Amino acid sequence: MSEAPARTLMSDAWRSLRFRPDVIVAAVVLVFFLVMAAFPGLFTSTSPRRCVIGDSRLAPQGFGAEHPFGTDSFGCDLLAQLVHGARPSLLLAFVVVGIALVIGITLGVLAAYYLGWVDKLVTRVIEVLLVIPLLLAAMLLLSLFQGVDVGSGTLGTILLPALVLTMFAWMGYARYVRASVLEVKNHDFVTAARALGASDLRIMTRHLLPNAIGPVTALVPTSIAGVIGAEAVLSFLGIGVRPPAISWGLMISNGSEWVTGGHPHLLLYPLACLVVTVLALVVLGDALRDALDPRLAA
Amino acid sequence: MTGAAPLLEVTDLAVEFRTPGGVVRAVDGLTYQVEAGRTLAIVGESGSGKSVSSLAVMGLLGPTAHVTRGTARLNGTDLLALPPREHRARCGQDVAMVFQDALAALNPVLTVGFQLTEALRARHRISRGEARQRAVELLDLVKVPHARERVRDYPHQFSGGMRQRVMIACALALDPKVLIADEPTTALDVTVQAQVLRLLAEIQAERQMGLVLITHDLGVVAGVADDVTVMYAGRAVEQAGVLGAFRSPAHPYTRALLQSVPQLGSRTRLPVIPGRPPGPGDRPAGCPFHPRCALAQDVCRADPPPPLVEAAPGRWSACHFAGDVLRGAAVPAETTPEGDPR
Amino acid sequence: MSDVVLEVRDLVKHYPVRRGLILRRTVGAVRAVDGVSLALRRGSTLGVVGESGSGKSTLARVLVGIEEPTSGQVLVDGTDVSTMSRADRRALRRDVQMVFQDPYTSLDPRMSVSEIVGEPFAIHRTIPRGGRDRAVRELLELVGLDPDHANRYPHQFSGGQRQRVGIARALALRPRILVCDEPVSALDVSVQGQVVNLLADLQAELGLSSVFIAHDLAVVRNIADSVAVMYLGRVVEDGPADSVYDGARHPYSQALLSAVPVADPTVRLSDGRGILLEGDPPSPVSPPSGCPFHTRCWLAPTLPEASVPVPEGEEVQARRVPPSCSGEVPLLVGAGGHHAACHFARPLAEVRR
């Protein structure tokens, strides 16, 4: 009963999205980087760890040459670094934002729906976490996990930064969701559902959430950029992605030292990758939100 | 529609909205005039363009709407031809407006006294004391009790009826010659509505203002209006003195609308107009009322919308059969299947 | 007694008013409903009229079980709802359904019409999944909508059509009682009649009993069998509709009826005919003592009883009413099923000057 019309909405959304040039470009960009993260071997055969100090900070040489994007300050190939840095960066960003979304939305809906002590607890926790500086908490966690071996795979590399960043990423979502649920819940359709005898869970998932999620989706692309950037800061403290592992965030923070030193490409290439990814997400997110709103879908 | 020279004379006004779905004509060729000391009621249902037309006269249209045709002469000056700044200035001064929702129209963080004299202070250099005195006078004028103390209060400290009085006082601050009231009592309780309407009528008679009353409530029209303009789908379909329009309507829509008003007298099945008023985007070809009209003939469907013509002295109607309707050609109230929204 | 399907006795609903950020103290109460007793007869329509703040909407919410009463009883078929088990109450929800005022906010904008009308089935599982589509189509047809529009969304319908969707949803569980809270006040005049007539037809067709709450006395006149007039959380007059409309006894009902604008241009407001009340209804947080209407009553100051000597030590009020009006809460009294809560209740003909 509920599937049939839902499918029509999805297929309507798909039909309206398929032919929009901006959506197509954004989708291609995103798929490109996702493939890069999944199969780095497709894009470069050079190992990002084979570094020749003598060849450090070479200017970009163009495709076909040995170092198409040049080399960094240790003489490592920049293209290979970019390609191999995609996986940890994107994985970290998606994991952090994904988990933060789930936490934030759940707590936001619960706080706004039940109010009372639930709301007080959630809003106080949010306020406390907003006051604690990220770096201070990161250092605390760092010392806690100093002796713990988290493995060396990609997951292991991002576990610690993911933990820290998730802890500090969900509050925004929770506040947005809480505010819009508070507004939505005064509408008569919520009262109507209650008068029909709908359970709290049903009211929250079927009525409140779909109507309150809008403002949050606009936050997601920018917070993905935020996570990638923050990860670079954490890596300075040694709990981010640690060398020899590579990430875009690490490359951006290293590269920024050389911008004024005559080697802007060290910053510009990773930064461009990040900006393009985020823009693609912004376009896709907006288009999807509009397409899934029956009031805007033609 | 007779007598002294009109204060406000709107001629052939057309307003269009640009929407994602194309250009939509909200008002199409509206003409009316208001004379000193008289009340013109503009009656219509949602989407009839009654509010948009007055916003256009006041220069308050949003960025997607614009006037494509017509004039609005106030004492001979065409307001619509003035540059926006001058238009606004003239509007505060000579034409003022009262809105439906007083709570939304008053600024919640400023005292009522401040808002009452804001327009005055913007135009003349007056001292604080003078401004205060003027604010008290204005509240007295609209019969807000304890005016001297209440000028220091904020809008939320007033009840709904009192807030509407404050808004009327704001509109009267610059002694306008014409007052446009857009559904001024729709949000009020019926006992309070009676007070506010009576107040408006008193002030108007005293100052010989022209009053344009925009409303959907035919009971209010009957109680206070001298002349009536009935709007449907962006056009005026009937214009007449209030007695004539109510006793022997010259347009089938006016007649059907009057019949559909629930009566207090005895319990009856309510006569209805089938279908619904068209939105600005989905107006039918031909006479816009023909899909709901019991009298509709082929000519109503095929010909362009009929113009407003004088069916009898002082009786204007935009209907191909205005004469027949005026004579009371029998139309049973429910000849068409009722309420079929398909 | 089995003739009464829904009854409330001494119903009270107060909302606490709290102050303070951390230590929230209860400083008072909004006395939304303050001792209301009403009965709805099987197959009939009870009209409840009143202005804003009269508590009529709160009454509706208590009747359908969205709000719990502070005290008093709600009886369905003679059984006190508060003594029922959870499961029984849930079943009761099906029997008493509600139609809302605003057709623009009472339908979830993100659900299609078939989801909205089918939601009651999804909640109560009265119809297996496979049969729901057909049930929804039947309901849409019942309220005069095209069943082929089931996959459309609320914003694609006009106000009147949306209100029909709301009615279809309320009828899905085959309720026996329909509580309509201002069901036509947001609609255009020409569409109001369609919805009122639909409700009347459905009521006859399905054997429903209904409570019709509205501020528009003329609309209620054309659908209600009996009427209750509410003021500040109390019923001030009730009785058979004809009796109340033609011979209102409470000065408030009389003023209310007199204030309804009639579509007759020979009755001008400026004539000074009719009863004009002063001021707005008082706040339900601090209702006046005694008769709640005495502060605005047009009758009380004109009564000879108002000019009794003021007891020593009390200041003389500009507006003087009989001591019983400001001192005692009047009870609903009367004969022939027509009651008024006024110490000086009398038909209007006797007092009209």
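What you see is a predicted model; the values in this text were computed from it and never measured.

J.: I'd like to hear about the overall build of chain A, residue by residue, with values.
T.: Across its full length, chain A holds 13 helices and zero strands. The linear arrangement of helices and strands in chain A, starting from the amino end, is α-α-α-α-α-α-α-α-α-α-α-α-α. Expressed as a percentage of its 298 residues, the buried residues of chain A come to 41%. Nonlocal contacts in chain A, meaning residues at least 24 apart in sequence, comprise 68% of its contacts between residues at least 6 apart.

J.: Describe the overall build of chain B, listing the residues and the values that go with them.
T.: Counting its regular elements, chain B contains 13 helices and twelve strands. Taken against the 2.2 N^0.38 rule, which gives 20 Å for 342 residues, the C-alpha radius of gyration of chain B at 21 Å falls within 12% of a compact globule. By principal-axis analysis of the C-alpha atoms, chain B measures approximately 70 × 50 × 45 Å. In chain B, buried positions account for 49% of the 342 residues. In chain B, once contacts between residues fewer than 6 apart in sequence are set aside, the share between residues at least 24 apart is 66%.

J.: Go over the sheet that holds strand β5 (residues 77-78) of chain B, please, and point to the residues and values.
T.: Where strands meet in a sheet, backbone hydrogen bonds hold them as pairs that are either parallel or antiparallel. Residues and elements named next belong to chain B. Spatially, four strands are ordered β2-β1-β4-β5 in an open sheet, and the strand pairing comes out antiparallel. Every interior strand has two partners, whereas the edge strands, β2 (22-34) and β5, have only one. With eight bridges connecting them, strand β1 (residues 8-19) and strand β4 (residues 65-74) associate as antiparallel partners. Looking at β4, one finds that Glu16 is bridged to His66. Across the sheet, helix α1 (residues 50-58) lies against β1, β2 and β4, angled at about 105° from β1, the strand it touches most.

J.: Got a sec to walk through the interface of chain A and chain C? Specific residues and values, please.
T.: Chain A puts 21 residues into the contact, and the matching count from chain C is 29 residues. Counting residues per element, the side of chain A that touches chain C draws most heavily on helix α8 (residues 188-195) of chain A, at seven residues.

J.: Tell me about the sheet that holds strand β12 (residues 338-340) of chain C, residues and numbers included.
T.: Residue and element names in this part refer to chain C. Reading across from one edge, β6-β7-β8-β3-β9-β10-β12-β11 is the order of the eight strands in this open sheet, with mixed pairing throughout. Either end of the sheet is taken by a strand with one partner, and the two such strands are β6 (96-99) and β11 (333-335). Strand-to-strand, the axes of this sheet are offset by a mean angle of 20°, without reference to chain direction. Inspection of the sheet shows strand β10 (residues 234-240) paired to β12 by two bridges, in the antiparallel sense. Pairing of Asp238 across the sheet is with His339, part of β12. On top of the sheet, helix α1 (residues 56-63) reaches β3 (45-49), β6, β7 (177-181), β8 (209-214) and β9 (226-231); it is set at about 150° to β8, its chief contact.

J.: Break down the packing of α8(A) against helix α9 (residues 200-212) of chain A for me, with residues and values.
T.: Residues and elements named next belong to chain A. Direction vectors running N to C along α8 and α9 enclose 155°, while the axes themselves pass 10 Å from each other. Compared by their axis directions, α8 and α9 come out roughly antiparallel. Taken as a pair, α8 and α9 cross one another with a handedness that is right-handed. Counted together, Phe189, Val190, Ala193 and Arg194 of α8 and Ile203, His207 and Leu208 of α9 form the full contact between these two elements. Of the residues that constitute the contact of α8 with α9, the class distribution is five nonpolar, one polar and one charged.

J.: How would you explain the interface of chain B and chain C if you had to name every residue and give the values?
T.: Taken residue by residue, the interface counts 48 residues in chain B and 43 residues in chain C. Residue contributions to the side of chain B that touches chain C peak at eight residues, all from helix α8 (residues 190-207) of chain B. By residue class, the composition of the side of chain B that touches chain C is 25 nonpolar, 13 polar and ten charged.

J.: Would you mind going over unusual backbone geometry in detail, with residue names and values included?
T.: Phi is positive for A:Leu115, close to 50°, though the residue is something other than glycine. Inspection of the secondary structure assignment puts A:Leu115 in the loop between α3 (78-114) and α4 (116-131). For A:Leu115, a count of 13 C-beta atoms within 10 Å gives the class partly exposed. Although it is not a glycine, B:Ala233 sits at a positive phi angle of roughly 50°. Structurally, the position occupied by B:Ala233 is in the loop between β9 (227-232) and β10 (235-241).

J.: Could you give me a rundown of the environment of C:Asp264, with the residues and numbers involved?
T.: In this structure, C:Asp264 sits in the loop between α9 (251-259) and α10 (323-327). Beyond its immediate sequence surroundings of up to four residues, C:Asp264 is in contact with B:Ala222 and B:Phe246.

J.: So what's going on with α1(B)? Which residues, and what values?
T.: Residue and element names in this part refer to chain B. The buried count for α1 comes to eight of nine residues, which makes it a mostly enclosed element. Among the residues of α1, Lys50, Ser51, Val52, Ser53, Ser54, Ala56, Val57 and Met58 are the ones counted as buried. Residue Gly59 follows α1 closely and has a positive phi angle near 70°.

J.: Kindly report on the confidence of the model for chain B, identifying the contributing residues and their values.
T.: Residue and element names in this part refer to chain B. Taken over all residues, the pLDDT of chain B has a mean of 87, while the share at 70 or more is 95%. Residue range residues 331-342 is modelled with pLDDT below 50. Its contacts to residues more than four positions away, or to other chains, number 29 contacts. The ipTM, which scores confidence in the relative placement of chains, is 0.84 for this predicted complex, and the corresponding pTM is 0.85.

J.: Could you give an account of the arrangement of the chains, naming the residues involved and the relevant values?
T.: Here two pairs of chains make contact, and the pair sharing the most contacts is chains B and C. At the level of C-alpha atoms, the two units chain A and chain B stay apart, their nearest approach being 10 Å.

J.: Describe the domain arrangement of chain B, listing the residues and the values that go with them.
T.: Segmenting chain B into domains produces domain 1 (102-175) and domain 2 (249-326). Just the C-alpha atoms count here: the centres of domain 1 of chain B and domain 2 of chain B sit 42 Å apart.

J.: I'd like a rundown of the pairing of β8(C), residues and numbers included.
T.: For a regular strand, side chains alternate in direction, first toward one face of the sheet and then toward the other. Residues and elements named next belong to chain C. Here β8 lies mainly inside the structure; six of its six residues are buried. Burial of β8 is two-sided: the residues Ser209, Val211 and Ile213 facing one way and the residues Ser210, Phe212 and Ala214 facing the other way are all buried. Inspection of the sheet shows β3 paired to β8 by five bridges, in the parallel sense. Bridged to Gly47 within β8 is Phe212. Where β7 lies against β8, five bridges are found, and the strand directions are parallel. Note that in β8 the partner of Leu178 across the bridge is Ser210. The handedness of the β7 to β8 crossover, carried by helix α6 (residues 189-206), is right-handed.

J.: So what's going on with the packing of α4(A) against helix α7 (residues 170-184) of chain A? Residues and values would help.
T.: When two helices pack together, you describe them by how their axes are tilted relative to each other and by the distance separating the axes. Residue and element names in this part refer to chain A. Contact geometry of α4 with α7 gives a least axis separation of 10 Å together with a crossing angle of 140°. Taken together, the axis directions place α4 and α7 in an arrangement best described as oblique. With respect to the hand of their crossing, α4 and α7 are arranged in left-handed fashion. Contacts from Val122, Ile126, Leu129 and Leu130 in α4 reach Met171, Ala174 and Arg175 in α7. For the contact of α4 with α7, a count of residues per class yields six nonpolar, no polar and one charged.

J.: Before we move on, can you summarise the pairing of β6(C) with the specific residues and values?
T.: Residue and element names in this part refer to chain C. Going residue by residue along β6, you find Val96 and Met98 tucked away on one face and Gln97 and Val99 tucked away on the opposite face as well. Looking at chain direction, β6 and β7 are connected through four bridges and run parallel. Bridging from a neighbouring strand, Gln97 pairs with Leu178 of β7.

J.: Describe the environment of C:Pro175, and please don't skip the residues or the numbers.
T.: All names here are of chain C. You can see Pro175 is positioned in the loop between α5 (159-171) and β7. Taking the C-alpha atoms as reference points, Pro175 and Asp3, separated by 172 residues in sequence, lie 17 Å from one another. Leave out the neighbours within four places in its chain, and Pro175 touches Arg94, Asp95, Val96, Gln97 and Ala170.

J.: Got a sec to walk through the confidence of the model for chain A? Specific residues and values, please.
T.: Residues and elements named next belong to chain A. Scored by pLDDT, chain A comes out at a mean of 81, with 89% of its residues at no less than 70. Looking over chain A, one finds the lowest element-wise mean pLDDT in helix α1 (residues 3-18), namely 61, and the highest in α7, namely 93. Note on residues 1-7: pLDDT under 50 across the span, and eleven contacts to partners over four residues away in sequence or across chains.

How each quantity is defined
Residues numbered from 1 in each chain as written. Chains lettered and ligands numbered in written order. Predicted model: local features only at pLDDT ≥ 70, side-chain atom pairs only at ≥ 80, totals over all residues. Helix = DSSP H or I, 4+ residues; strand = E, 2+ residues; numbered from the N terminus. Buried ≥ 20, exposed ≤ 12 C-beta atoms within 10 Å, placed from the backbone. Contact = placed C-beta atoms within 7 Å. Rg over C-alpha atoms; globule rule 2.2 N^0.38 Å. Pairing = 2+ DSSP bridges. Axes fitted to C-alpha atoms, helices over the stretch in contact; angles between N-to-C directions. Parallel < 35°, antiparallel > 145°, perpendicular 65-115°, else oblique. Left-handed = near helix turned anticlockwise from the far one by under 90°. Nonpolar A, V, L, I, M, F, W, Y, C, P; charged D, E, K, R; others polar. pLDDT = per-residue confidence, 0-100. Domains from an automatic or database assignment. Right-handed = clockwise from strand over helix to strand, strands pointing away.

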